[in-house]
Amino acid sequence: MTVDVRACSSVEELRQGLDAINHYFGHRNEPEDAERFAQWIDVERMLVARDGDRIVGGAGAFTFSMSVPGGETVPAAGVTVVGVLPSDRRRGFLTALMRAQLDDCRARGDALAYLWASEATIYGRFGYGIASRAGSMKLARERSTFARPFEPRGTVRLVEPEEAAREFPPLYERMLPQRPGLFTRTQAWWETRRLAPSPWDPRTPKNLALLELDGEAAGYAIYTVKQEWAPGGYSTGSLNVLEAMAPTPEGSRELWRWLLDFDWTSQISYDLLPVDHPLFLLLAEPRRMDFQVGDGIWVRLLDLPAATAAREFAAEGAVVVELADAFRPENAGRWRIGSDGAERTDAAAELELDVADLGSVYLGGFSFADLVRASRIREPVPGAVERGDALFRTTVQPWCAEVF
Ligand SMILES: CC(C)(COP(=O)(O)OP(=O)(O)OC[C@H]1O[C@@H](n2cnc3c(N)ncnc32)[C@H](O)[C@@H]1OP(=O)(O)O)[C@@H](O)C(=O)NCCC(=O)NCCS
């Protein structure tokens, strides 16, 4: 079947393109939803699939820069709002949307595309590889003692959105070089998305807290409070952290102590933590975090030389890989990848892998050894896995602080 896929040219088309995904979220798709969404996406980066006159599906891409190992950023597409109406599933519309979207991303100069997958079974066929793990916690407040207690010296102020929109972005930007997987945020993104109440839950305020040390902004938290009372009259409420960022270890310790000491709660929850969060070492009883791990972001490499040049390698040298890429065959073939970049080669392949596997190791979230243990890649030349891992190794796990 040939499918008609087009870029949107108006906010009204964008609204129709959002119909499919909103159907699954159970939201009625109002014109103001598209107006709001148009503040974050270039309208023409929303693609819609049509069957005759009907728009049956859509797929969008945010224009992001993503942080990579070593502290640089690369142009990256943040793939979002992918959906095909339930009446038209399994007719190839998603495949056509993905093909057109990746072509468009490549033409725009994105080194890669990345996304949060609603289901882990959808995107591997399009070359996306699982690239990070993400954690969630539910910590009983009474078990939140630190292993090494300290005397806090910072002050925390609750701020209005206008002040947060000035003070939070510079702190977030200082986190970017420290964590692969984060993306740059526009001012509109901050003001109308990250700091604004959720349109689906407008009555729950997002609370905005700014930590200061020596009179300087040193961290921030965005959180909601859900209050509940046990029949006996004590609080069983929870503090739900949406984002807590502090670019220094001292700021992080101060911010977390403040959050964990919140009155009238019995637990602190946070649904999106890196798997190597400092709380594991700050807390005396890390197991009381009740930490759950799942897949995080998925990475699809598009421009191998650009993506390779941007990231830092932990050693000098290269590995020769035989790359399979069924969905974008132009990437397939033999590549020498390492500290001098990525280039085509005729040298003998040392590792055989799919482009999705390279996406898995790109940010340092998985190693070649992990992929071998899972029977995902082959190592025709013994020792290549070890050499590859010495190159791609990072000291921090990738993390994206926000589902998009
Ligand atoms: C997921 C979704 C977009 C798929 O759209 P679609 O148009 O039915 O997909 P296609 O017809 O192009 O399917 C392509 C292939 O992927 C497979 N596939 C599609 N959705 C899948 C899923 N959820 N799980 C496993 N496989 C899936 C199809 O079986 C097909 O495989 P085949 O080529 O071997 O036959 C659609 O079902 C949907 O909107 N789901 C709910 C919303 C959602 O999850 N969106 C993704 C947000 S991240």
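Residues numbered from 1 in each chain as written. Predicted model: local features only at pLDDT ≥ 70, side-chain atom pairs only at ≥ 80, totals over all residues.

Let us now look at the domain arrangement of the chain. Taken domain by domain, the chain holds domain 1 (4-110), domain 2 (135-293) and domain 3 (304-392). Taking only C-alpha atoms, the centre of domain 1 and the centre of domain 3 are 30 Å apart. With 6 residues of domain 1 in contact, the opposing surface of domain 3 contributes 8 residues. In terms of residue class, the side of domain 1 that touches domain 3 is built from 4 nonpolar, 1 polar and 1 charged. (Domains from an automatic or database assignment. Contact = placed C-beta atoms within 7 Å. Nonpolar A, V, L, I, M, F, W, Y, C, P; charged D, E, K, R; others polar.)

Looking now at the pairing of strand E9 (residues 207-213). Sheet topology places strand E8 (residues 155-158) next to E9; 4 bridges connect them, and they run antiparallel. Bridging across to E9, Thr-155 finds its partner in Glu-212. For E9 and strand E10 (residues 216-226), the ladder comprises 7 bridges, and the chain directions are antiparallel. Pairing of Glu-212 across the sheet is with Ala-217, part of E10. (Pairing = 2+ DSSP bridges. Helix = DSSP H or I, 4+ residues; strand = E, 2+ residues; numbered from the N terminus.)

Attention now goes to the sheet that holds strand E15 (residues 318-324). Taken in spatial order, the 4 strands of this open sheet run E17-E16-E15-E18, and their pairing is mixed. On the outer flanks of this sheet lie strand E17 (341-344) and strand E18 (351-354), each paired with one strand and no other. Mean inter-strand twist for the sheet, computed between neighbouring axes without regard to direction, equals 35 degrees. Here E15 pairs with E18 via 4 bridges, running parallel. Following the sheet pairing, Val-321 is matched in E18 by Leu-351. Along the sheet face, helix H9 (residues 355-362) touches E15 and E18 and points at about 95 degrees away from the line of E18. In the packing of helix H11 (residues 384-392) onto the sheet, contacts are made with E15, strand E16 (333-338) and E18, and the angle to E15 comes to roughly 105 degrees. (Axes fitted to C-alpha atoms, helices over the stretch in contact; angles between N-to-C directions.)

The next thing to look at is the environment of Glu-35. Looking at where Glu-35 falls in the secondary structure, it is placed in helix H2 (residues 31-37). Sequence separation of Glu-35 and Ala-221 is 186 residues, and the distance between their C-alpha atoms is 27 Å.

For the rest of this paragraph, the subject is the environment of Asp-325. In this structure, Asp-325 sits in the loop between E15 and E16. Sequence-wise, Asp-325 and Asp-354 are 29 residues apart; in three dimensions their C-alpha atoms are separated by 6.1 Å. Those residues in contact with Asp-325 that lie beyond four places of it in its chain are Gly-127, Asn-331, Ala-332 and Val-355.

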